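Spelled out, the chains give:
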Amino acid sequence: MIVLSAPTLATLASTSLALIGSYFLYALFSLFRNVQVAKKTGIAYTIAPVHVSNKLWLGLQKPLLPYINQAPKWMTQSWLPVSVYDQIWRHGYAPFEYHKSTTILVVSPFRTVLWTCSPTAVVDVSRRRNDILKPVDELALLNVHGPTVTSSDGEQGRRYRKVTTSCFGHHIFEGAWNEGVERAGILTNRLVSSVEYPGRVKKELELVTFAVVSEVCFGISATPDGDMVLRRHTPHKGRLSYWESFAVSADFMGVTYMTPKAVLKRSPFEMHRIASTSNEEWSSYMEDMIVEKKLEREAGADKDAIDSLYSASIDPKVKLEHEAVLGNIWVFVLGGFHTSANTLHFILILLAIYPSIQSTLQQSIDAISKDRDPSTWSHAVDFPAFLNSHVGAVVAETLRCFGVLPWIPKTTGDVPTPLMVDRPDGSKHRAVIPPHTLVLVNTSAVHRNPAHWPQAENAIAGEDEPFAASGWNPWRWLKKTNQKTSAAELESDETELTSLITSGWEPGTYIPFSDGARACIGKRFAQTELCAVLARIMRDCSVELAFDGGKKQWMQARGEAARKLSQNVGITLALELKADVPLNFVQRGKERWLDADLMSL
Ligand code: HEM
């Protein structure tokens, strides 16, 4: 054992104190400098002790938050609601209301963050592909299996975007429709016949959206339980199923990101072992996909999305690296599965909370489908009809209230960058944003700004702020065919509302799929799949809150569900409900709400 002498200990202590002191002095100096720069922008600013995406803060906030939340509100209210990613959705527009500005600079010692929900800034950010960039360092989290389109910019980003966009031909949308309708038919039977257990509905929806993206984008079938089915060779036999390996690898993406590769593989900690195993297993499944693709091409099979990636990898002009093929397969599945599954999950709970809306939706589906067997529903005719009806309205409103990505990250580059923003007095202002500022478009605030999206007046009994469920009003998206209607008319004459409002709102006030050159490449795919699955489920069955007893018990279950939608929604990969709302699925005509007289709700 080494024994340190008293003078050595004293030297060590004083050196440590000097280092800590210098660090704090430097931090203070840096903060002072950043505040001076922020003042010059003319944008409202606040000071925060932490930076929202600092790795240390990200790692420590979970254990620290219970203590920080006990501090008096005046100490935290100006910065905390915009410094914890998982709570951005919950606070929605409130931080902007507090600062009386739709754009705020959050100044911390080492980096400044610009949060905005200003429509003018949203439009400007979407248009400025060359100087308002993707924050590739922050998005490196996504590079678990190789570089991806989502986490790249500049020349590389353009190359990946070109290859991945070319994956989405007409046949892909047609495939998403047919596969969505078919898989949702199987899902309906599973939901009606199986007994409720925690997490059942979300898991079933994930299996469906995973299978749709796998089949349509990659030509790889998955069984209803998520096993891989190949036609031309046998997949590797792993410890995790095809679906499970992806779902676990995606869940542990944060662990993979925070841990060096060598440590992850050899670490004795369980979370590291799980992350490492699931990553390896999913990699092997992706290699299986590529082998299958080679064999299919040799046999002259149809083109799908993976074909574009594979073709780009062997095309000497493009030379898409093997890691980029793997990275982009991963990001397709990631983009295509959690997003749609969670959106459908929110929709089903909201429909259970509002039986009258559910019933109107079903009548609209009946009117379009006219007793035809769903296997005859066509992408060319039925998809536009459903999208332009109550089905499209339910999807549009759910994406407004529970948008998959509560913020869209960008950054300024090496030089000061001009940005147009709205001022509180309604005028526009050309601000100059400092270099390397993280620019976060707060979509949950954009979509809940009362100036553009009036909320319902009455909260559901039991619901806490932010009154998420009572703000959900799908029929605001409908107008009488071929003419615009006032809000009062919308409320008084629901049955005639048949046409979806697809334009007319102020630019920059509705951006669930983002906008501009880096908008979601899967938008049409997602809309097609969501309409297909929702219409197919609701044609045959109804969803109800699980409750025992009569109207009183139902009201309690409803209050509890609304409270969870308000308090327990956060983000892992996409916005999701982190608590369970038990649901029952019944054949149409057997709903308990008919007995309990709940149709007026
Ligand atoms: C409800 C469904 C979906 C929503 C709300 C959604 C939303 C978004 C948003 C907001 C972005 C922009 C992110 C950013 O700029 O950082 C994005 C990007 C992207 N989405 Fe989606 N998405 C959905 C479904 C899908 C699907 C089904 C796919 C693929 C099959 C997909 C693939 C992608 C990809 C590859 C990008 C990156 C594009 C780029 O960086 O240039 N998404 N999505």
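What you see as residue numbers is a count from 1 along each chain, following the sequence as written. At least 70 in pLDDT is required for a residue's local features to be given in this predicted model, at least 80 for side-chain atom pairs to be given and counted, and no such filter applies to totals for whole chains, interfaces and linings, which use all residues. Just so you know, side-chain values use all the structure's heavy atoms and leave hydrogens and water out.

Per an unreviewed UniProt entry, the recorded name for the protein chain is Cytochrome P450, and the organism is Melanomma pulvis-pyrius CBS 109.77. UniProt positions are given in the numbering used here, feature names are shortened, and annotations may be inferred rather than shown by experiment. In its Cofactor (unreviewed entry) section, the UniProt entry covering the protein chain states "heme".

### As for the UniProt feature "transmembrane region" (unreviewed entry) in the protein chain
With numbering matched to this structure, UniProt assigns "transmembrane region" (unreviewed entry) to residues 329–354. Runs of E in the DSSP output that reach at least two residues are strands. Runs of H or I that reach at least four are helices, and both are numbered from the N terminus. The straight-line gap between the two end C-alpha atoms of residues 329–354 is 38 Å; of that span, 96% is helix and 0% is strand.

### Topic: the UniProt feature "binding site: heme" (unreviewed entry) in the protein chain
As recorded in UniProt, the feature "binding site: heme" (unreviewed entry) lies at C520. With respect to the helices and strands, C520 occurs in the loop between β12 (497–500) and α22 (523–540).

### Some points on the site of the ligand
Being near a molecule or strand, for a residue, comes down to having at least one heavy atom within 4 Å of it. Looking at the ligand, there are 24 residues lining it, with K134, R161, G335, R518 and C520 nearest. Here an oxygen atom of the ligand sits 3.0 Å away from a polar atom, N or O, in the side chain of K134. Whenever a nitrogen or oxygen atom comes within 3.5 Å of another N or O atom, the pair is scored as a polar contact, on the condition that within protein one atom can donate a hydrogen and the other can accept it, and that pairs from neighbouring residues in sequence are kept only if both atoms are in side chains. For the ligand, an oxygen atom lies 2.8 Å from a polar atom in the side chain of R518. Here the shell around the ligand takes five residues from helix α16 (residues 322–353), the largest share from any one element.

### A look at the nonpolar core
Definition used in this section: a nonpolar core is a set of buried Ala, Val, Leu, Ile, Met, Phe, Trp, Tyr and Cys residues joined via side-chain atoms within 4.5 Å. Relative accessibility thresholds used throughout: buried, under 20% of the residue-type maximum; exposed, over 50%; partly exposed, between the two (1.4 Å probe, protein chains only). Within the largest apolar cluster, 124 residues are counted, with the highest numbers of intra-cluster contacts made by W282, I329, F402, F525, L534 and L583. Top contributing element to this core by residue count: α16, with 20 residues. Not counting the four nearest positions on each side in its chain, I329 is found in contact with F218, M286, M289, I290, I306 and L309. Core analysis: the second largest hydrophobic core is formed by 43 residues, V84, W115, A121 and V125 among them. It only takes one pair of heavy atoms within 4.5 Å for two residues to be counted as in contact.

### Side note on the pattern of salt bridges
One speaks of a salt bridge when a side-chain nitrogen belonging to Lys or Arg is within 4 Å of a carboxyl oxygen belonging to Asp or Glu. A complete count under the given rule lists 24 salt bridges for this structure. Residue R476 pairs with E397 through a salt bridge whose shortest N-O separation is 3.2 Å. Pair noted here: R476 is in the loop between α20 (443–446) and β11 (478–480) and E397 is in helix α19 (residues 390–401), with a separation of 79 residues, a long-range link. When sorted by exposure, R476 lands in the same class as E397, which is buried. A network of salt bridges, in which partner residues are shared, links E215, R231, K293 and E296.

### Things to note about α19
In a helix, the anticipated span is given by 1.5 Å times the number of residues less one. Helix length check: α19 (twelve residues) gives 16 Å between terminal C-alpha atoms against 16 Å at 1.5 Å per residue, within 8%. With twelve of its twelve residues buried, α19 lies for the most part within the structure. Buried within α19 are the following residues: H390, V391, G392, A393, V394, V395, A396, E397, T398, L399, R400 and C401.

### A look at unusual backbone geometry
Most peptide bonds take the trans form, and the phi angle of most residues other than glycine is negative. The amide bond that connects E465 to the next residue, P466, takes the cis arrangement and shows omega of 15 degrees. Note that P466 resides in the loop between α20 and β11. At K319, a position not held by glycine, the phi torsion is positive, near 50 degrees. In this structure, K319 sits in the loop between α15 (305–314) and α16. Note on K319: relative accessible area 56%, which makes it exposed.

### Structural notes on the side chain of S118
Within the secondary structure, S118 sits in the loop between β3 (112–116) and α6 (119–127). Ignoring anything within four residues of it in the chain, the contact list for S118 reads T102, T103, V421 and D422.

### What to know about the domain arrangement of the protein chain
The domain architecture assigned to the protein chain consists of domain 1 (26–136 + 409–438) and domain 2 (159–335). Throughout, the edges of the domains are those of an automatic or database domain assignment. The distance between the C-alpha centroids of domain 1 and domain 2 comes to 35 Å.

### With respect to the environment of L60
Structurally, L60 is set in helix α2 (residues 55–68). When the C-alpha positions of L60 and W282 are compared, they lie 29 Å apart, and in sequence the two are 222 residues distant.

### Some words on the sheet that holds strand β10 (residues 438–442)
An order of β1-β2-β3-β10-β7-β4 is seen for the six strands of this open sheet, with the pairing classed as mixed. The two strands at the open ends of the sheet, each matched to only one other strand, are β1 (44–47) and β4 (132–133). Pairing between two strands is assigned when DSSP locates at least 2 bridges connecting them. Relative to β10, β3 runs parallel, the two sharing four bridges. Across the sheet, residue L114 finds its bridge partner in β10, namely V439. Note on geometry: axes are lines fitted to C-alpha atoms, helical ones only across the stretch in contact, with angles between N-to-C directions running from 0 to 180 degrees. Relative to strand β2 (residues 103–107), helix α1 (residues 6–41) is tilted by about 165 degrees, and along the sheet it contacts β1, β2 and β3. The sheet contacts of α6 involve β3, β4, β7 (407–412) and β10, and relative to β10 the element is tilted by about 120 degrees.

### Here's the deal with the packing of aromatic side chains
Only Phe, Tyr and Trp rings are paired, with Trp represented by its six-membered ring, and only when their centres lie within 6.5 Å; those with planes under 30 degrees apart are stacked, over 60 edge-to-face, the remainder tilted. Summed over all chains, the structure comprises 25 aromatic pairs. Each ring, one from Y93 and one from F96, has its centre 6.2 Å from the other, and the planes form 25 degrees; the classification is stacked. Judged on exposure class, the residue Y93 and its partner F96 are both buried. Among the aromatic residues, ring-to-ring pairing joins F210, Y242, F246, W282, Y285, W330 and F337 into one connected group. Lysine and arginine charges are scored as sitting over a ring when NZ or CZ, respectively, is within 6 Å of the ring centre and within 35 degrees of the ring normal. The cationic tip of R448 hangs over the ring face of W89; the distance from NZ or CZ to the ring centre is 4.7 Å. In this arrangement the basic side chain of R558 is found over the ring face of Y354, its NZ or CZ atom lying 5.2 Å from the centre.

### Some points on the confidence of the model for the protein chain
Per-chain confidence: the protein chain averages 89 in pLDDT, with 93% of residues scoring 70 or above. Counting contacts from residues 482–497, a segment whose pLDDT is below 50, to residues more than four positions away or on other chains yields 23 contacts. Each residue carries a pLDDT score, the predictor's own confidence in it, on a scale running from 0 to 100.

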